[in-house]
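Each chain, written out:
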Amino acid sequence: MNKGCRGFGPATHTQILIDRTKAEVAGTLLTAQLALQHGLAVNTAGGTHHAFADYGSGFCILNDLAYTAHWLIQQGDVERVLIVDLDVHQVTNRVHYICAGK
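Residues numbered from 1 in each chain as written. Predicted model: local features only at pLDDT ≥ 70, side-chain atom pairs only at ≥ 80, totals over all residues. Heavy atoms only, no water.

(A) Focus on the overall build of the protein. For the protein, the helix and strand inventory stands at three helices and zero strands. Seen in sequence order, the protein has helices and strands lined up from the N terminus as α-α-α. Within the protein, contacts between residues at least 6 apart in sequence are counted, and of these 52% link residues at least 24 apart. When the accessible surface of the protein is totalled, it reaches about 7000 Å², and 58% of it is carbon and sulfur. (Helix = DSSP H or I, 4+ residues; strand = E, 2+ residues; numbered from the N terminus. Contact = heavy atoms within 4.5 Å. Areas by Shrake-Rupley, 256 points an atom, 1.4 Å probe, with all protein chains shown as cover.)

Here you go:
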C-alpha cells in the first residue's frame, strides 16, 4: 500500500479503497478520451469532484474531474475544459483551484 498518495488520509488507508478510487479516476480519464475520439462517452462511476489537491473532502478522496482536466490540458489534447456541476449544493470551486495550481 502506498501511504504517500496525495488525497489519501489515515482513515482511507485500505488497499481496496485506494484501488477503487484510482480506478474511478482512470475511468473518468478514459471516458474523456473516448468522448474526444467518438464525440460522446459516459462514465456512471465518476463525479468525485469535491476533493482538494492535497486532501479528500465531501466523501471524495481524489478529484477525478480536476485530474482529468489537468491531464488532457498537459497532454495537449484540449486547451480548456468546461465542467458543469449540477449537484444540488453550494459550489466549491475545487476544480478551478486544483487546475490553477492554487
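This is not the end of the story, as more comes after the structure.
(B) Quick look at the packing of helix α1 (residues 15–38) against helix α2 (residues 64–74). The N-to-C vectors of α1 and α2 enclose an angle of 45°; their axes lie 9 Å apart at closest approach. Considering the angle they form, α1 stands oblique to α2. In the crossing of α1 with α2, the sense of the turn from one axis to the other is right-handed. When α1 is examined against α2, the residues Val25, Thr28, Leu29, Ala32, Gln33 and Leu36 are found in contact with a partner set consisting of Asp64, Leu65, Tyr67, Thr68, Trp71 and Leu72. Residues that form the contact of α1 with α2 fall into these classes: eight nonpolar, three polar and one charged. (Axes fitted to C-alpha atoms, helices over the stretch in contact; angles between N-to-C directions. Parallel < 35°, antiparallel > 145°, perpendicular 65-115°, else oblique. Left-handed = near helix turned anticlockwise from the far one by under 90°. Nonpolar A, V, L, I, M, F, W, Y, C, P; charged D, E, K, R; others polar.)

(C) Examining the packing of aromatic side chains more closely. Across all of its chains, the model carries one aromatic pair by this definition. On the basis of an interplanar angle of 15° and a centroid distance of 6.4 Å, the ring pair of tyrosine 67 and tryptophan 71 is categorised as stacked. Separated by four residues within a single helix, tyrosine 67 and tryptophan 71 lie in helix α2, roughly one turn from each other. (Phe/Tyr/Trp six-rings, centres within 6.5 Å; stacked < 30°, edge-to-face > 60°.)

(D) View of the side chain of threonine 68. Looking at the element boundaries, threonine 68 is found in helix α2. Engagement of the side chain of threonine 68 in a polar contact is seen with the backbone nitrogen of leucine 29, the distance being 3.4 Å. When neighbours within four sequence positions are excluded, threonine 68 is seen to be in contact with Val25, Thr28, Leu29 and Ala32. (Polar contact = N/O pair within 3.5 Å; in protein donor to acceptor, adjacent residues only side chain to side chain.)

(E) Summary view of the pattern of salt bridges. Enumeration according to the criterion identifies one salt bridge in this entry. In this structure, glutamate 24 engages arginine 20 in a salt bridge whose closest nitrogen and oxygen atoms are separated by 3.0 Å. Taken together, the residues glutamate 24 and arginine 20, both in helix α1 and four residues apart, mark about one turn of the helix. (Salt bridge = Lys/Arg side-chain N within 4 Å of Asp/Glu carboxyl O.)

In short, geometric facts, not functional conclusions.
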